[in-house]
Amino acid sequence: MSKPAWHPISASPATRQASSRQRRRALWVCVGIVLGTLLLLPVAAVMGPRVPAFLPSYQTATVVAYVIITYLIFAHYRATRTLDLLYIGAACFYCAGIFLLQFLALPDMFLPQGALLGGPQTTIWLWFFWHAGLALGILAYAASRWWSPALAHYHPERMAQWLMAAVAAALVASLALVTAFHEQLPVLDNNGNFHRVVTSGVGPLLQGITGLALLVLWQATRFRAVLHVWLGVALVALLCDNAITMAGGSQFSVGWYVGRCNALVSATLLLLIYLREMNQVYLKTVQDARLLALNNAMLEVRMDQVRLDDLTGLPSRSLFLELAETLRSRDLPGRHAVALLFIDLDGFKRINDDLGHDRGDTVLIEVAAALRSVLRDSDIAGRVGGDEFVVCLVAPAAAIKATATAVAGRIVSRVAAIGDGIGCSIGIALCQAENMEWDSAMRQADEAMYQAKRQGKSRFTVYGHTLLDEMA
């Protein structure tokens, strides 16, 4: 059975089947996150060291991770037109925006006292918005596996623009809620203590949304594709982040630190899996390019072999003209000219008639060997008919006639040395390299060859002596 053709979509983590090894690896990551969270729950409320650089470093790393994964997912969408990916891309874009707003709302981060925007409840509500936004985006992605919105099918090229507009509107609304309507928001943060996240029901609501997203993702996909598996891991990390953050109850507690680490894991998981998949696709592309180049080279060799004369191994007419044109069009120093020698054997019919076709074939092989013995590596010879051969020479214009006649003289001598009365008549056509026209040169060389035969055979004749004066 032939190997199925590779296609870019088949290499996509959104469609490529997850192997059992990948599922086991993801399962162990989930087990590690859950076990680590459970082990740390009893000490979650213990206050840890206050590290001023931790929060800005965490915020920056998370924003960068979400921005990059947003770019990768939308680039993936443009390449594959997989519409359901847009929900994840939109969710990541929303999270990047929320994290940026939260960064600006951090107290004492950019101003000695206070924050650039919002008030005491701004950061905690933005924390809720980004967790809920990511979970809802994955939920929409999972649910989209069950339905195909007509809007997306009628306007697939505008779907990304509409979603980006919706995300932008959601970001504006979120900003308005935590700034203009800040005083109307329920109090969740009391001077760094956010136990009210649990008692107010906001925390359980968030866990419910995230758990629902995980359940719907499993029901819709059964974690078949690579992306499904790692989306599940990201949701597990979010659930653990929420749980231990709420158990910590205050900023800089052990639970708060661990929750931030879980959040960073959730943000970077998609980035890491896409970077890994891009590396795999790159390696596959390089491998395929090398294989394609090898196949093309082998195909060219086979095509050239097909275009070689079976008996003599010399190029046929079409291959000879192609090689001669390549030789003529090379970057040559100074003024150069081309000599085309048209060679017709004398007495070849008598050999076939009297000595048989086997001897005639042997004579043709020996003529080809004679041509090779007198030509330079840069010269080209070919067989264009039963007993007709051609040679292409390139030399400086001032020396082209001397070069061509010297080669023609040696060919006549070598062919005559074969014996059995065989000889050859040669017609030589000389042309300037930049003005070369092969059809005209072949006609001139053929006409000069017949002139040589009329003059007594076993000799050579140069066509168009006036041309030599022009090139001198």
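Along each chain, residues carry numbers from 1 onward, in the same order as the chain's sequence is written. Only residues with pLDDT of at least 70 get local features here, since the model is predicted, and only at 80 or more are side-chain atom pairs given and counted; chain-wide, interface and lining totals rely on the full set of residues. To obtain the side-chain values, all non-hydrogen atoms of the structure were included, while hydrogens and water were left out.

What about the overall build of the chain?
- For helices the rule is a DSSP run of H or I covering at least 4 residues; for strands it is a run of E covering at least 2, with both sets numbered from the N terminus onward. The helix and strand tally for the chain stands at 16 helices and five strands.
- In the chain, which comprises 472 residues, the share counted as buried stands at 47%.
- The contact definition used throughout considers only heavy atoms, calling two residues in contact when any of these lie within 4.5 Å. Residue pairs at least 24 apart in sequence account for 75% of intrachain contacts in the chain once pairs closer than 6 positions are excluded.
- As displayed, the chain has an accessible area near 23300 Å², and 62% of this comes from carbon and sulfur atoms. Per-residue accessibility, obtained with a 1.4 Å probe over protein chains only, is compared with the maximum for each type, and a residue is labelled buried under 20%, exposed over 50%, and partly exposed between these values. Accessible areas in this description were obtained via Shrake-Rupley with a 1.4 Å probe; residue shielding takes into account the shown protein chains only.

A word on the pairing of strand 4 (residues 423-432)
- Across the 10 residues that make up strand 4, a large majority, 10, are buried.
- Judged by which residues are buried, strand 4 turns out to be covered on both faces: G423, S425, G427, A429 and C431 on one side and C424, I426, I428, L430 and Q432 on the other are all buried.
- Here strand 1 (residues 336-346) runs beside strand 4; their pairing, made up of 10 bridges, is antiparallel. Across the sheet, the residue bridging to A339 is L430, located in strand 4.
- Sheet topology places strand 4 next to strand 5 (residues 460-462); three bridges connect them, and they run parallel. The partner of I426 across the bridge, within strand 5, is F460. Any two strands are treated as partners once DSSP identifies two or more bridges connecting them.

Some thoughts on the pattern of salt bridges
- We count a salt bridge whenever a side-chain nitrogen from Lys or Arg sits within 4 Å of a carboxyl oxygen from Asp or Glu. Counted under the stated rule, the structure contains seven salt bridges.
- With a closest N to O distance of 2.9 Å, K453 and D344 form a salt bridge. Of the two residues, K453 sits in helix 15 (residues 438-454) while D344 sits in strand 1, which places them 109 residues apart along the sequence.
- Given the relative accessible area of 10%, D344 is considered buried.
- Connected through salt bridges with shared partners, the residues D344, D346 and K453 form a single ionic network.

A closer look at helix 4 (residues 122-144)
- Expected helix span is given by 1.5 Å per residue-to-residue step, counting one fewer step than there are residues. When the terminal C-alpha atoms of helix 4 are compared, their 32 Å separation across 23 residues agrees well with the 33 Å that a helix rising 1.5 Å per residue should span.
- Counted residue by residue, helix 4 has 21 buried out of 23 residues, so it is predominantly covered.

Some remarks on the confidence of the model for the chain
- pLDDT measures the predictor's confidence residue by residue and takes values from 0 up to 100. Residue-level pLDDT values for the chain average 83, and 88% of them are 70 or greater.
- Per-element averaging of pLDDT across the chain places helix 16 (residues 465-471) at the bottom with 40 and helix 8 (residues 202-221) at the top with 94.
- Confidence drops under a pLDDT of 50 for residues 1-10, and excluding neighbours within four residues, the segment shows 10 contacts in the predicted structure.
- Contacts of residues 466-472 to residues separated by more than four positions or lying in other chains number 14 contacts, the stretch itself having pLDDT below 50.

Thoughts on helix 1 (residues 20-40)
- The first and last C-alpha atoms of helix 1 sit 30 Å apart over 21 residues, in line with the 30 Å expected at 1.5 Å per residue.
- Here helix 1 has its buried residues at Q22, A26, C30, I33 and T37. When helix 1 is viewed along its axis, its buried side chains cluster within an angular range of 70° and face the same direction. Opposite the buried face of helix 1, by more than 90 degrees, sit the exposed residues R21, L27, W28 and L39. Within this analysis, the arc is defined by the directions that extend from the helix axis to the C-beta atoms.

What about the side chain of Q102?
- Take Q102: it is sitting in helix 3 (residues 85-105).
- We define a polar contact as two N or O atoms separated by no more than 3.5 Å, with the added condition that, inside protein, one atom must be a possible hydrogen donor and the other a possible acceptor, whereas residues neighbouring each other in sequence contribute only through side-chain atom pairs. A polar contact is formed between the side chain of Q102 and the backbone oxygen of T123, at a distance of 3.0 Å.
- If near-sequence neighbours (up to four positions away) are discounted, Q102 is found in contact with Q59, T123, L126 and W127.

Quick word on the sheet that holds strand 1
- One open sheet accounts for five strands, arranged 2-3-1-4-5; its pairing is mixed. Strands with a single pairing partner mark the edges of an open sheet, and in this sheet they are strand 2 (380-383) and strand 5. Neighbour to neighbour, the strand axes of the sheet diverge by 20° on average, direction disregarded.
- Sitting on the sheet, helix 13 (residues 357-374) touches strand 1, strand 2 and strand 3 (388-396), and the angle it makes with strand 3 is about 5°. Orientation is described by axes fitted as lines to C-alpha atoms, over the contacting stretch for helices, and by angles from 0 to 180 degrees between their N-to-C directions.

Regarding the layout of surface pockets
- By volume, the largest pocket is sized at about 830 Å³.
- Here a cavity denotes a set of grid points, spaced 1 Å apart and computed over the protein atoms alone, in which a 1.4 Å probe fits but from which it cannot get out, and a pocket denotes an open set meeting protein on both sides within 12 Å along at least five of seven lines; residues with an atom within 4 Å of a point are reported as lining. In terms of lining, the largest pocket is formed by 34 residues, of which the most central are L55, L106, P107, T123 and Q251.
- Taken together, the elements giving at least two residues each to the lining of the largest pocket come down to helix 2 (54-80), helix 3, helix 4 and helix 10 (254-306).
- Nonpolar residues are Ala, Val, Leu, Ile, Met, Phe, Trp, Tyr, Cys and Pro. Charged residues are Asp, Glu, Lys and Arg, and all others, Gly as well, are polar. Of the residues contributing to the lining of the largest pocket, the split by class is 18 nonpolar, 12 polar and four charged. Grid points are joined across faces, edges and corners, and a volume is the space filled by probe spheres set on the points.

So, a nonpolar patch on the surface
- Residues V34, L35, L38 and L41 make up a contiguous nonpolar surface patch of roughly 320 Å² in combined accessible area.
- You can see V34 is positioned in helix 1.
- Judged by relative accessible area, V34 falls into the partly exposed class, the value being 31%. The patches reported here contain residues having more than 30% relative accessible area and no salt bridge. Joining distances are 9 Å for like charges and 5 Å for nonpolar side chains (Val, Leu, Ile, Met, Phe, Trp, Tyr).

As for the environment of L116
- In this structure, L116 sits in the loop between helix 3 and helix 4.
- Other than its neighbours up to four places away in sequence, L116 contacts L104, F110 and L111.

Some points on the state of the cysteines
- The disulfide criterion is simple: two cysteine sulfur atoms within 2.5 Å. One pass over the full model with this rule turns up zero disulfides.
- No disulfide involves C92; its sulfur sits 6.3 Å from that of C95, the nearest cysteine.
- C431 supplies the cysteine sulfur nearest to C392, a cysteine that is in no disulfide, at a spacing of 9.8 Å.
- When its relative accessible area of 0% is taken as the criterion, C392 is described as buried.

Looking at the nonpolar core
- Core analysis: the biggest nonpolar cluster contains 84 residues, and Y66, W125, W130 and L227 have the highest contact counts within it.
- The element best represented in this core is helix 3, accounting for 15 residues.
- The contact partners of L227, leaving out residues within four places of it in the chain, are P13, A14, L85, I88, Y141, L270 and Y274.
- With 35 residues, the next largest nonpolar core counts I343, L345, A368 and V415 among its residues. Buried residues of nine kinds, namely Ala, Val, Leu, Ile, Met, Phe, Trp, Tyr and Cys, make up a nonpolar core once their side-chain atoms join them within 4.5 Å.

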